[in-house]
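One-letter residues, chain by chain:
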Protein chains: 2
Amino acid sequence: MANVNENYQKLPGSYLFSEIARRTAAYAEAHPDAQLIKMGIGDVTRPLVPAVVAAMHAAVDDLARAETFHGYGPEQGYDFLREAIAKHDFAARGVDIAVDEIFVSDGAKSDCGNIGDIFDINNKIAVCDPVYPVYVDTNAMAGRAGDYDEAVQGWTNIYYMPTTAENSFSPALPEVPVDIIYLCSPNNPTGTVLNYEQLKAWVDYANENGSVIMFDAAYERFIVEEGVPHSIFEVEGAKTCAIEFRSFSKTAGFTGARCGYTVVPKQLVRNGQSLNAMWNRRQCTKFNGASYVIQRGAAAVYTEEGARQVEETLDYYRENARVIKQGLEAAGFTVFGAVNSPYVWCKTPDGVGSWEFFDRLLVDCNVVTTPGAGFGPSGEGYVRLTAFGDAEATKEAMARIGRMMA
Amino acid sequence: MANVNENYQKLPGSYLFSEIARRTAAYAEAHPDAQLIKMGIGDVTRPLVPAVVAAMHAAVDDLARAETFHGYGPEQGYDFLREAIAKHDFAARGVDIAVDEIFVSDGAKSDCGNIGDIFDINNKIAVCDPVYPVYVDTNAMAGRAGDYDEAVQGWTNIYYMPTTAENSFSPALPEVPVDIIYLCSPNNPTGTVLNYEQLKAWVDYANENGSVIMFDAAYERFIVEEGVPHSIFEVEGAKTCAIEFRSFSKTAGFTGARCGYTVVPKQLVRNGQSLNAMWNRRQCTKFNGASYVIQRGAAAVYTEEGARQVEETLDYYRENARVIKQGLEAAGFTVFGAVNSPYVWCKTPDGVGSWEFFDRLLVDCNVVTTPGAGFGPSGEGYVRLTAFGDAEATKEAMARIGRMMA
């Protein structure tokens, strides 16, 4: 008799975005004339840039002719893309990452989840609170999380690190030994970043304790301030303790096209085993490479023309983030994130819960946000707004919120 | 201290295709004028058909305009593709599969590997011998295989079912209880098929024992004979005991484009849990949907024009298979597969091992094949040839083998 993975039964329902959708739909139905502005989801809205579009068309044409047809590609990704990544994302910032330390995939979400395959199920996991739910849920599925405790809205065997205004969104080093540490900078959902010294403390901790840091740098391209590492490998010592996840989703609008990559340094060894070799074996066995068409599109991001065009798109979103931050602050709110991130983390008025404030913004302003409590208990008292929307709609949303608070 | 998944250390090296490459390269270096014909790999060579190319170009253009841009898609795949699959791959053959029983992905290899996530690690696995290595290796990585025994070239906790000419390539029902059974028809590597009655025996066994059948139908479109199910769901009772994997790779040349799908019936329940709901949760948590561009291309396979064009490509490969079978038989060999499959499974001459025969074909005919022993002990005494090559080269290879045997 086949038995199922019993850890799946422990998972609580995934209510956040469905509950947002339910409340939004109910309001829209009751108010059919309302002009809703959706600032809740983390999806992009600007089209792919012309250089990427041209590269994808050319790649489709390659597949249309026998002489240029591409069948199975390398599971690790094509060298034309890996070499561009090594040069532009790392060497250009003084970081030496070899081509065979880069593994191209269909996206960072897949890699963030699948990376658990190469680790023992008894490792102790540490995550920030609030947190991108994928880190937690994938470990829970693998049996690393213990049981879900509804009362504290957390798993019994996961170490949660509050990351709030009280500690300037820089989590304290753990008080119990932890084995695998998830860090995300620029952070989803708070939009805040960890600077060099803050990351260095984590790298030192990991090297001293044999821990491994899972560093999610999906929003790296939004960093504009000096002193904020774009890669954890800019931090001395990180190659012996960290794995980094990157994505073309927010950088270049690939949320629907699908492409990301993971860096596993060859110096990263645990139990005498090379994690680079283990991840290579995992990918060769359970993955067949990212689409040739999409990899060609991703490589175009690194051409002179593509890079310039992508910057224009990023500037569009960065300006939205600035408008949101300025608008909320002018309305009297305390705001975090936004500067190096497409996410704006807004403190709710004193004594107002994040779901209550979500409702108020929906009803009074017809603006849809994401309640911070949906990302974990320490997200209570905040809502998240995203800069990925239309520029005019973003301005209009801020005008409405300004009028509400006037 | 982070510990690694110790099961990875148990994996033997993956020597088959690297050893083939090594021997081939050594021969080519010593004989630079040799005109090698490669019939070893299972990759396609014909380009994507025009309808698919046009659909991919249109999809790229969709992503190039804000009004038609597609960001995150459904993790399960777009309805335009799932509906086409349900209609053409199932309803057209009298099989009722609902759209929400179909999960589109980046390929069948990913799904075949990842499906293990939803099962307990103590399930007993049964595979055919010879076998597509992914079934075995992914279970070994998860800890279901026990230890690798070099002497018998197999894992201590996997139940191997010899599948050879002696049992007409129809494996016997197991003599010990097994929980998860991998079946592949048309089979890789033998090219043989299981008919309705043979599959029915497995479905009955699985339903009686609570086992789950992993049915790999990646080569389904090569079936030309009557009485051979294209889907296990054509077999009465399969919906309560089977999961089916499908691929656009060999059907429509998507080995480089990447698209496949998995069918998990809602009636499939174990330990009181819906496997459909569990796989849905797995995909929503660890996958972010297949590329929009590629899904549009896959949907074009089901248009009238696309279907006709794809049949022409399939006929090209089918004719190659016929040429190989006829050529080898004319040269005095005993041949299996080929009729409903792109794979031809050729018995080596009496007393000649599969690696020895591989070498003979390489040296005497400059034809590269795959030694059957590479797929498992019961593959000894066979070599595999594939029909995915150039038609003229395929004929030339058979002419050379004919001359060698004359």
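Details of the structure are given in the entry above.
Residue numbers restart at each chain and count upward from 1, following the sequence in its written direction. The naming scheme follows written order: chains are lettered A onward, ligands numbered 1 onward. Only residues with pLDDT of 70 or above have their local features reported here, since the model is predicted, and side-chain atom pairs are shown and tallied only from 80 upward, although totals for entire chains, interfaces and linings are computed over all residues. Hydrogen atoms and water are omitted, and side-chain values are computed over all heavy atoms in the structure.

**Quick look at the overall build of chain A**
At step 1: Looking only at helices and strands, chain A features 13 helices and 17 strands.
At step 2: By its C-alpha atoms, chain A is 60 × 55 × 50 Å across when sized along the principal axes.
At step 3: Residue contacts are defined here by distance: any two heavy atoms, one from each residue, within 4.5 Å place the two residues in contact. Long-range contacts, defined here as pairs at least 24 residues apart, represent 73% of the contacts in chain A between residues at least 6 apart.
At step 4: Surface exposure here means Shrake-Rupley accessible area, sampled with a 1.4 Å probe, where a residue is shielded only by the protein chains that are shown. In the form shown here, chain A has an accessible surface area of approximately 14,400 Å², with 49% of it arising from carbon and sulfur atoms.
At step 5: Positive residues here are Lys and Arg, negative ones are Asp and Glu, while His and the chain termini are left out of the count. By convention, the point assigned to a charge is CZ for Arg, NZ for Lys, CD for Glu and CG for Asp. Here chain A contributes 34 positively and 52 negatively charged side chains, and the mean placements of these two sets differ by 2 Å. The numbering of helices and of strands both runs from the N terminus, where a helix is a DSSP run of H or I of at least 4 residues and a strand a run of E of at least 2.

**What to know about the sheet that holds strand E10 (residues 260-263) of chain B**
All names here are of chain B.
At step 1: Strand order in the open sheet made by the seven strands is E2-E10-E9-E8-E7-E3-E6, with mixed pairing throughout. The outermost strands of the open sheet, each flanked by one partner alone, are strand E2 (102-105) and strand E6 (158-162). Taking each pair of neighbouring strands and ignoring which way they run, the sheet shows an average axis angle of 20°. Here, any two strands with at least 2 DSSP bridges between them count as paired. Helix axes are fitted to C-alpha atoms over the stretch in contact, other axes to C-alpha atoms as well, and angles between N-to-C directions run from 0 to 180 degrees.

**What to know about the side chain of Thr394(A)**
All names here are of chain A.
At step 1: Among the structural elements, Thr394 can be located in helix H13 (residues 391-405).
At step 2: Classification of residues uses two cut-offs on accessible area relative to the type maximum, computed with a 1.4 Å probe and protein chains only: under 20% is buried, over 50% is exposed, and between them is partly exposed. The exposure class of Thr394 is buried, given its relative accessible area of 2%.
At step 3: Beyond its immediate chain neighbours, meaning those up to four positions away, Thr394 contacts Met39, Asn320, Val323, Ile324 and Gly389.

**What about the interface of chain B and chain A?**
At step 1: Between chain B and chain A, the contact holds 77 residues from the first and 77 residues from the second.
At step 2: Taking both sides of the interface into account, the surface hidden between chain B and chain A amounts to around 6,400 Å²; carbon and sulfur atoms contribute 56%.
At step 3: We count a salt bridge whenever a side-chain nitrogen from Lys or Arg sits within 4 Å of a carboxyl oxygen from Asp or Glu. Summed over the shared surface of chain B and chain A, the result is four salt bridges.
At step 4: The partner of Lys109(B) in a salt bridge is Glu75(A), with the nearest N and O atoms 3.3 Å apart.
At step 5: Distance and chemistry together define a polar contact, namely a pair of N or O atoms within 3.5 Å, with one atom able to donate a hydrogen and the other to accept it when in protein, and with adjacent residues in sequence counting only for side-chain atoms on both sides. Counting across the interface, chain B meets chain A through 45 residue pairs in polar contact (both at pLDDT 80 or more).
At step 6: Listed by contribution, the elements that provide at least two residues to the side of chain B that touches chain A are helix H1 (7-10), helix H3 (50-63), helix H5 (108-114), helix H6 (133-142), helix H8 (249-252), helix H9 (275-286) and helix H10 (292-300) of chain B.
At step 7: Counting residues per element, the side of chain B that touches chain A draws most heavily on H9(B), at seven residues.
At step 8: Across the side of chain B that touches chain A, the residue classes break down as 32 nonpolar, 28 polar and 17 charged. When two components associate, each loses some accessible surface as probed by a 1.4 Å sphere; the sum of these losses over both components is called the buried area. Residues were grouped as follows: Ala, Val, Leu, Ile, Met, Phe, Trp, Tyr, Cys and Pro as nonpolar; Asp, Glu, Lys and Arg as charged; and all remaining residues, including Gly, as polar.

**Observations regarding the environment of Ile180(B)**
At step 1: Its place among the elements puts Ile180(B) in strand E7 (residues 180-184).
At step 2: Contacts of Ile180(B), omitting those with residues within four sequence positions, involve Ala2(A), Phe119(B), Asn123(B), Lys124(B), Ile125(B), Ala126(B), Val212(B) and Met214(B).

**Describing the state of the cysteines**
At step 1: A pair of sulfur atoms, both from cysteines and within 2.5 Å, is called a disulfide here. A complete count under the given rule lists zero disulfides over all chains for this structure.
At step 2: Sulfur of Cys128(A): no disulfide; nearest cysteine sulfur belongs to Cys184(A) and is 8.3 Å away.
At step 3: By relative accessible area, which is 7% here, Cys128(A) ends up buried.
At step 4: Free cysteine Cys241(B): the closest other cysteine sulfur is in Cys128(B), separated by 15 Å.
At step 5: On the basis of relative accessibility, which here comes to 0%, the residue Cys241(B) falls in the buried class.

**Some points on the nonpolar core**
At step 1: Throughout, nonpolar core names a set of buried Ala, Val, Leu, Ile, Met, Phe, Trp, Tyr and Cys residues whose side chains join them through atoms within 4.5 Å. Ile213(A), Phe254(A), Ile213(B) and Phe254(B) are the most contacted members of the largest nonpolar core, which totals 136 residues.
At step 2: Look past the residues within four positions of Phe254(A) in its chain and what remains in contact with it is Leu48(A), Val52(A), Met56(A), Phe248(A), Ser249(A), Cys259(A), Ile294(A), Gly297(A), Ala298(A) and Val301(A).
At step 3: In this structure, Leu11(A), Leu268(A), Trp155(B) and Val264(B) belong to the second largest nonpolar core, which totals 68 residues.

**So, the sheet that holds strand E14 (residues 343-347) of chain A**
Two orientations exist for strands paired in a sheet by backbone hydrogen bonds: parallel and antiparallel.
All names here are of chain A.
At step 1: Spatial strand order, E13-E14-E17-E16: four strands in an open sheet with antiparallel pairing. With one partner strand each, in any of the chains shown, strand E13 (335-337) and strand E16 (370-371) form the two edges of the open sheet.
At step 2: Where E16 and strand E17 (residues 382-386) come together, two bridges link them in antiparallel fashion. Its bridge partner lying in E17, Pro371 is registered against Val383.

**Digging into the relation of the copies chain B and chain A**
At step 1: For these two chains of identical sequence, chain B goes onto chain A by a turn of 180° and a shift of 0.0 Å along the axis, with RMSD 0.0 Å. This pairing of chains is accounted for by a two-fold axis. Judged by C-alpha distance, His57(B) is the residue of chain B that lies nearest the rotation axis, at 3.0 Å.
At step 2: The fraction of interface residues of chain B whose copies in chain A are also interface residues reaches 100%, indicating that both copies meet through the same surface. A residue counts toward the fit only if its pLDDT is at least 70 in both copies, and the copies are then superposed by least squares on the C-alpha atoms of those residues.

**Things to note about the pairing of strand E3 (residues 125-129) of chain A**
Residues and elements named next belong to chain A.
At step 1: Among the five residues in E3, five count as buried, and that is most of the element.
At step 2: Residues Ile125, Val127 and Asp129 line one face of E3 and the alternating positions Ala126 and Cys128 line the opposite face, and both faces are buried.
At step 3: The pairing of E3 with strand E7 (residues 180-184) spans two bridges and is parallel. The residue bridging Ala126 from the neighbouring strand is Ile181, located in E7.

**Let's talk about the pairing of E10(B)**
All names here are of chain B.
At step 1: The side-chain alternation of E10 yields two buried faces, one formed by Gly260 and Thr262 and the other by Tyr261 and Val263.
At step 2: Bridge count for E2 against E10 is four bridges, and the pairing is antiparallel. Bridge assignment links Val104 to a residue of E10, and that residue is Tyr261.
At step 3: Here strand E9 (residues 242-247) runs beside E10; their pairing, made up of four bridges, is antiparallel.

**Things to note about empty space enclosed by the protein**
The probe, sized like a water molecule, is rolled over the atoms to show the empty space still left.
At step 1: We place a 1 Å grid over just the protein atoms. Points where a 1.4 Å probe fits but has no way out form a cavity, open points with protein on both sides within 12 Å along at least 5 of 7 lines form a pocket, and any residue with an atom within 4 Å of a point lines it. Grid points are joined across faces, edges and corners, and a volume is the space filled by probe spheres set on the points. This structure, assessed with the given rule, holds 10 cavities of 30 Å³ or more.
At step 2: In this structure, the largest cavity spans a volume of roughly 120 Å³.
At step 3: Those elements that place two or more of their residues in the lining of the largest cavity are helix H5 (108-114) and helix H9 (275-286) of chain A together with H5 and H9 of chain B.
At step 4: Taken together, the residues that form the lining of the largest cavity break down as two nonpolar, seven polar and eight charged.
At step 5: Taken as a whole, the second largest cavity encloses approximately 100 Å³ of empty space.
At step 6: Together, 15 residues line the second largest cavity, and Asp106(A), Arg258(A), Ser291(A), Asp106(B) and Ser291(B) are the ones closest to its centre.
At step 7: Grouping the amino acids of the lining of the second largest cavity by side-chain chemistry returns six nonpolar, five polar and four charged.

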